[in-house]
Amino acid sequence: MMNFLELVQRNGNEVQTDSRLIAKAFDKRHDNVIYAIENLDCSPEFAALNFKESYEISELANGRPVKYYHVTEKGAMLLIMGFSGSKAMNVKEAFIEAFATMREQLSLYRELCELHALRDAKFTEASECGRGLAHWAREKSRLNMMIKQREQKIQPRLFE
């Protein structure tokens, strides 16, 4: 059984795979996977959103750029639905599980980031309150002394 988490990657807040990983998982030649992507009978809008053409410099290709595709979950599902063979069903299930697991991990990561931000905001708020209390402690005695001085000045001097 393959490690299904190797089939997907995190790209920012999105989960994706790429044509090279798909080729490896299905034991297909990469050029055949690219051909399958480029000949899907889907709308141009769907293709543009779900299949991003990319290149990488390959030493195996004498430094020439080699094309591959970043593929979203929707794109991968559409593409691999057409694959068949004895191994295909297991790999399809593995891709489905991998995307679901990675989506869950991203959701937990977003929650973690939100909790960190909330904690930091509360810490800042508490620090501001602490600075305010420290400032008050310094000012309180000075203000009390000024008040006492003013009160003494306005008291009638009846018993002098």
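## Remarks on helix H2 (residues 30–38)
So, point 1. Every buried residue of H2 is listed here: His30, Val33, Ile34 and Ile37. When H2 is viewed along its axis, its buried side chains cluster within an angular range of 100° and face the same direction.
So, point 2. Its buried side turned inward, H2 meets helix H1 (19–25), strand E3 (51–57), strand E4 (65–72) and helix H4 (73–81).

## Brief notes about unusual backbone geometry
So, point 1. Of note, the phi angle at Asp27 is positive, near 50°, even though the residue is not glycine.
So, point 2. Of note, Asp27 is situated in the loop between H1 and H2.
So, point 3. The class for Asp27 is exposed, based on a relative accessible area of 59%.

## Considerations on the environment of Ser107
So, point 1. With respect to the helices, strands and loops of the structure, Ser107 is situated in helix H5 (residues 88–154).
So, point 2. For Ser107, a relative accessible area of 30% gives the class partly exposed.
So, point 3. Along the chain, Ser107 and Glu6 lie 101 residues apart, while their C-alpha atoms are 19 Å from each other.

## Considerations on the packing of aromatic side chains
So, point 1. Tallied over the entire structure, the rule returns four aromatic pairs.
So, point 2. A connected cluster of aromatic rings, assembled from ring pairs, spans Phe26, Phe83, Phe95 and Phe99.
So, point 3. The positively charged end of Arg20 is found above the aromatic ring belonging to Tyr68, 3.6 Å away from the centroid.
So, point 4. Looking at Lys28, its charged tip hangs above the ring of Phe83, at a distance of 4.7 Å from the centre.

## Notes on the environment of Ser43
So, point 1. Positionally, Ser43 belongs in the loop between H2 and helix H3 (44–50).
So, point 2. When the C-alpha positions of Ser43 and Glu139 are compared, they lie 71 Å apart, and in sequence the two are 96 residues distant.
So, point 3. Side-chain polar atoms of Ser43 contact the backbone nitrogen of Phe46, separated by 3.0 Å.

## Section: the confidence of the model for the protein chain
So, point 1. Model confidence for the protein chain is summarised by a mean pLDDT of 85, while 93% of its residues fall at 70 or above.
So, point 2. By mean pLDDT, strand E1 (residues 9–11) is the weakest element of the protein chain at 80, and H2 is the strongest at 95.

## Looking at the sheet that holds E3
Whether parallel or antiparallel, the strands of a sheet pair through hydrogen bonds between backbone atoms.
So, point 1. Strand order in the open sheet formed by four strands is E1-E2-E4-E3, with antiparallel pairing between adjacent strands. The two strands at the open ends of the sheet, each matched to only one other strand, are E1 and E3. Neighbouring strand axes in the sheet, compared pairwise and without regard to direction, differ in orientation by 45° on average.
So, point 2. Strand direction decides the pairing type here: E3 and E4, joined by seven bridges, are antiparallel. Within E4, the residue paired with Tyr55 across the bridge is Lys67.
So, point 3. Packed on one face of the sheet, H2 meets E3 and E4 and runs near 55° to E4.
So, point 4. Of the strands in this sheet, E1, strand E2 (14–18) and E4 touch H5, which is tilted by about 145° from E2.

Conventions used here
- Residues numbered from 1 in each chain as written.
- Predicted model: local features only at pLDDT ≥ 70, side-chain atom pairs only at ≥ 80, totals over all residues.
- Heavy atoms only, no water.
- Buried < 20%, exposed > 50% of the residue type's maximum accessible area, 1.4 Å probe, protein only.
- Helix = DSSP H or I, 4+ residues; strand = E, 2+ residues; numbered from the N terminus.
- Arc of directions from axis to C-beta.
- Contact = heavy atoms within 4.5 Å.
- Phe/Tyr/Trp six-rings, centres within 6.5 Å; stacked < 30°, edge-to-face > 60°.
- Lys NZ or Arg CZ within 6 Å of the ring centre and 35° of its normal.
- Polar contact = N/O pair within 3.5 Å; in protein donor to acceptor, adjacent residues only side chain to side chain.
- pLDDT = per-residue confidence, 0-100.
- Pairing = 2+ DSSP bridges.
- Axes fitted to C-alpha atoms, helices over the stretch in contact; angles between N-to-C directions.

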